[in-house]
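Read off the chains here:
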Amino acid sequence: MPLNVPEQDYMYPGHVACPGCGAAIAMRFFLKAMGEKIIIVLPACCWSIIAGAYPQMSLKVPVIHTAFETGGSVASGVRAALDMKGDTGTTVVTWAGDGGTFDIGFQALSGAVERNENFIYVCYDNEAYMNTGIQRSSSTPYGAWTTTTPGRSWKRMRKKNIVEALVAHRIPYAATASIAFPEDLVRKVEKAKDIKGSRFLHVYATCPTGWRIPSEISIKIARMAVQNNIFPLYEVEDGVKYTINYKPKEFPVREYFKLQGRFKHLTEGDLAEIQEMVNEDWELLLKKAGD
Amino acid sequence: MTEKKVPSKVTPLFFARSYLSTEDNKTGSWRFLRPRYEEKTAPCSVACPAGEDIGRIEALTNQGMFKEAWETILRENPFPGVCGSVCYHPCEAVCNRGEFDEAVAINAMERFLADTARKNEFKPFLTNLSAKKEKIAVVGGGPSGLSAAYFLTLLGYNCDVFEAETEPGGVLRWGIPQYRLPLPVLERDISLIKDQGVQIKTGIHISKEFLKEAGESYNAVFIGCGYSRSRELEIPGEDLKGIKDGLAFLNRIRHGEKPRLDGLSVIIGGGNTAIDVARSVVRLGGTPLIAYRRRKQDMPAFSEEIELALDEGVVLKELVIPVSVVPDKGDYIVTLHYMRIMGEDDRGRALVEPDGNKTEEMRVKNVFKAIGEETAESWCVPPHKGEGVVTLNNSTLDCRTGSAVLVFGGDLTNEIKSVVHAVASGKEAAIALDILFREGLDTVESKIRDCLVGNGSFCSMEIYMKGPRFDRSSHVVSYSEINADYFYLSQRITQPRLLREERLATFDEVNLKVSASMAIKETERCFNCGLCNQCDNCYLFCPDLSIVRDKTPQGRHINYDYCKGCGICVVECPRNAMILEEETNEESAGRESCGS
């Protein structure tokens, strides 16, 4: 049975994403679900390149390139301008990477969500500043190698839980989604589209270049992250109502780490520690969801 | 409308607006690996002696295209009804799904398709090739002879089948009990063979002399006489009147006799005939006991049949051989000698020897012998390899006589004596003859090799005729090559059967019909190993929008102008119908430097 995903594409081929780019797949699914009546606000991130260098364009929808830290504020402004024009049918979408969301753009995002600006904020998360050369971000997971956490100085801080940070704002809708689960992703986008106020989607997007994996297993890795509880699929409504969308069979995380070059220095002891962290996070989520 | 004049001191806000698409960037030039659609071979189709395209049949069934699925069977096997009922389904033993949860119920699906075709009176759309001048006689109207005639007819030859009995079918009609193979199912398969253009002449006993004369009117004679005479036990008392021959007993039942068989009946043997006799004895009111010289796991009978027999109350006595039969007041005293296991042979069967003088006497009402069959006539035996003799996997060609070519097939040349092996033999013989007539004897062996399914030993007619299957890779898909993440655990259908109590009283078919909804559900379980079922994952997950839909049978193609060769499509293909290779073709991609 073919997966149930809308047919229409709003992207051109010939974009310059790396082979196997998860962020390109994430955009493809997002636009399929979202349709063309949108304006994308695009702070600096991989997608600033993928969308095309002037005068080229890889998207069939309007995009405003903007500065790294302004995803939330520019979207607020565009929304206000559209409202002044009486255009309520166009959705404003900020499409930002993890650096522009977790770190540099966080205050603008937090401010916009606190004001409950009427827009959708999508963070496609490839767990480091990939575009500029694989520097660690606060989204980089515990244990990962990056060019700024090289050799034995691999990252020993845990990944920031961005959804929880947004939930603390009592955001009307926050959800995680994965490129390996397109039906779930499409459903969440369609759901977000119909909600008023701030909406946040955290989309897991593999980066073969930065994660040191063969490009062909890009989707497989994304799927494993969900199957191993590393990246659970869930949604939170109004900051309180949790729904877990996929309850995995709790496979050990080991296999996921073993496949990726960025984790190749980890010992069995480190992996056991990571397993503990993943279990702890999952238990916490289950408690919140009341399961 | 007049435009508002911008005050000269304010610089207008300048937004650089892109006006070209990225389509000018031929990102295909980045590629050093090249994905490609390549259908492969499913293990089931290799194990199937008829070489049926099982993965495709299940996919079509799942889409509700029952007629097309049934025709796909008919391309390789003229007996979907018969095989759907009595085939021992070696396909299911190698099904990759078996490693995931349980094998797909392929055999039940075949029978479902045959039943559906019969109910809806489907007519197959199979056209014979243009007529050839050669004429071929087929001796024996059993499964191998009818298969040979069917495939020869498809290839355009004129075929006459000569059958000694009053009706065609051979062992299918006279040897297999109705509770396994009901007559209407057999008749339907045979009528389709006739509709294809096969001439069947019944009541004609073939002698050695006929073979000599046949040279004048026929270019080849296929000999598929089967094993019709029971082997001898070679023990004292064997020739007693009243010691019954298993095959003859089954034959009498198929002719309508229903003798009452009270008391204990001992059946000597361990093959399918022994099981059939035992299960028939149950239905005639008797108590059967099978005496076999080795162990249950060594029995040549198909294991499913053995289990059903035991379920119906047949008693199995292992490791015994009869040494004498003595009549006593209307009964018989059978002396059984116990056997001892000495080891195992290279096929894992027990090697046995008499266990000292340990014997047991048994008073029984009836004795049946079913220790295997042999040919009734010596001229039916195929010659050994030599000048002018080509020994193939399932048939033997003898071109020594100078007149008609003799082809031996069926039980005579098959190691496993099953219906589906008979089909394999008839098909191989038909293809071999076509090669012989068209291209000569020297090429037969190599050309036959070219149309084997995968790495197996059975031919496919579709591959021989260079149909779509011809383009498939012969690589046999293993379970590790299936992307199991796209499948969910689901239970195999349970073949509906008559209750045991209902079974024991009649010769009605034991297996009940499978519904269309059950069939669609079951075929959904099939991995369709190596075959594209249009699931669209390749299209969906492509980051470069390089999978383009089209009207070809593949339904899509790869746009190598943009494909960067990431290989996601190949890994996300659930069924291994794609392949990722090193890029060698320099011209294929746009090699001019791209935009970034």
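Note that the structure is predicted; figures quoted are calculated from it, not measured. (Residues numbered from 1 in each chain as written. Chains lettered and ligands numbered in written order. Predicted model: local features only at pLDDT ≥ 70, side-chain atom pairs only at ≥ 80, totals over all residues. Heavy atoms only, no water.)

**Focus: the domain arrangement of chain B**
All names here are of chain B. To keep it simple, the criterion reads: What counts as a domain boundary in this text is fixed by an automatic or database domain assignment. Throughout, a contact is declared for two residues whenever any of their heavy atoms are within 4.5 Å. Joining two parts hides part of their accessible area as seen by a 1.4 Å probe, and the buried area is that hidden amount summed over both.
Looking at the assigned domains, one finds that chain B contains domain 1 (1-39 + 532-596), domain 2 (43-124 + 475-524), domain 3 (135-228 + 375-450) and domain 4 (231-372). Computed over C-alpha atoms, the centres of domain 2 and domain 4 are 32 Å apart. Each partner contributes residues to the interface: domain 2 has 9 residues there, and domain 4 has 12 residues. When the two sides are added together, the surface that domain 2 and domain 4 hide from each other amounts to roughly 1100 Å², 57% of it contributed by carbon and sulfur.

**Side note on the pattern of salt bridges**
Residue and element names in this part refer to chain B. Quick note on the threshold: We define a salt bridge as a contact between a side-chain nitrogen of Lys or Arg and a carboxyl oxygen of Asp or Glu at a distance within 4 Å. Counting from the N terminus, the helices are DSSP H or I runs at least four residues long and the strands are E runs at least two residues long. For every residue, the accessible area obtained with a 1.4 Å probe (protein chains only) is divided by the maximum for its type, and the residue is called buried under 20%, exposed over 50%, and partly exposed between those limits.
As enumerated under the stated definition, the model contains 72 salt bridges over all chains in all. Ionic pairing is found between arginine 180 and aspartate 276, a salt bridge with its closest N-O pair at 2.7 Å. Highlighted residues: arginine 180 in the loop between helix H8 (171-174) and helix H9 (183-195) and aspartate 276 in helix H12 (residues 272-283), separated in sequence by 96 residues. Like arginine 180, the residue aspartate 276 is buried in the burial classification. Two residues, arginine 260 and aspartate 262, come together in a salt bridge whose shortest N-O distance is 3.5 Å. A relative accessible area of 61% means that arginine 260 is categorised as exposed.

**Observations concerning the sheet that holds strand E19 (residues 405-408) of chain B**
All names here are of chain B. Here is the rule we go by: Strand pairing requires that DSSP identify at least two bridges connecting the strands. In this analysis an axis means a line fitted to C-alpha atoms, helices contributing only their contacting stretch, and an angle means the value between N-to-C directions, from 0 to 180 degrees.
Taken in spatial order, the 7 strands of this open sheet run E5-E4-E3-E6-E19-E18-E17, and their pairing is mixed. The open sheet has two edge strands, strand E5 (199-202) and strand E17 (389-391), and neither has a second partner. Each neighbouring strand pair of the sheet contributes to a mean axis angle of 15°, computed without reference to strand direction. In this sheet, strand E18 (residues 396-398) lies alongside E17 in antiparallel orientation, the contact comprising 3 bridges. Bridge assignment links threonine 391 to a residue of E18, and that residue is threonine 396.

**Considering the interface of chain A and chain B**
Worth spelling out the cut-off: In the analysis that follows, any N or O atom pair within 3.5 Å is treated as a polar contact, provided that within protein one partner can donate a hydrogen and the other can accept it, and provided that, for residues neighboring in sequence, both atoms belong to side chains. Three residue categories are used. Nonpolar comprises Ala, Val, Leu, Ile, Met, Phe, Trp, Tyr, Cys and Pro, charged comprises Asp, Glu, Lys and Arg, and polar comprises the others, including Gly.
Across the boundary between the two partners, chain A contributes 39 residues, which contact 39 residues of chain B. Interface of chain A and chain B: buried area, both sides summed, is about 3300 Å²; carbon and sulfur atoms make up 59% of it. Residue arginine 223 of chain A is joined to aspartate 485 of chain B by a salt bridge in which the shortest nitrogen-to-oxygen separation is 2.9 Å. Where chain A packs against chain B, one counts 24 residue pairs in polar contact (both at pLDDT 80 or more). Of the residues belonging to the side of chain A that touches chain B, the class tally is 23 nonpolar, 9 polar and 7 charged.

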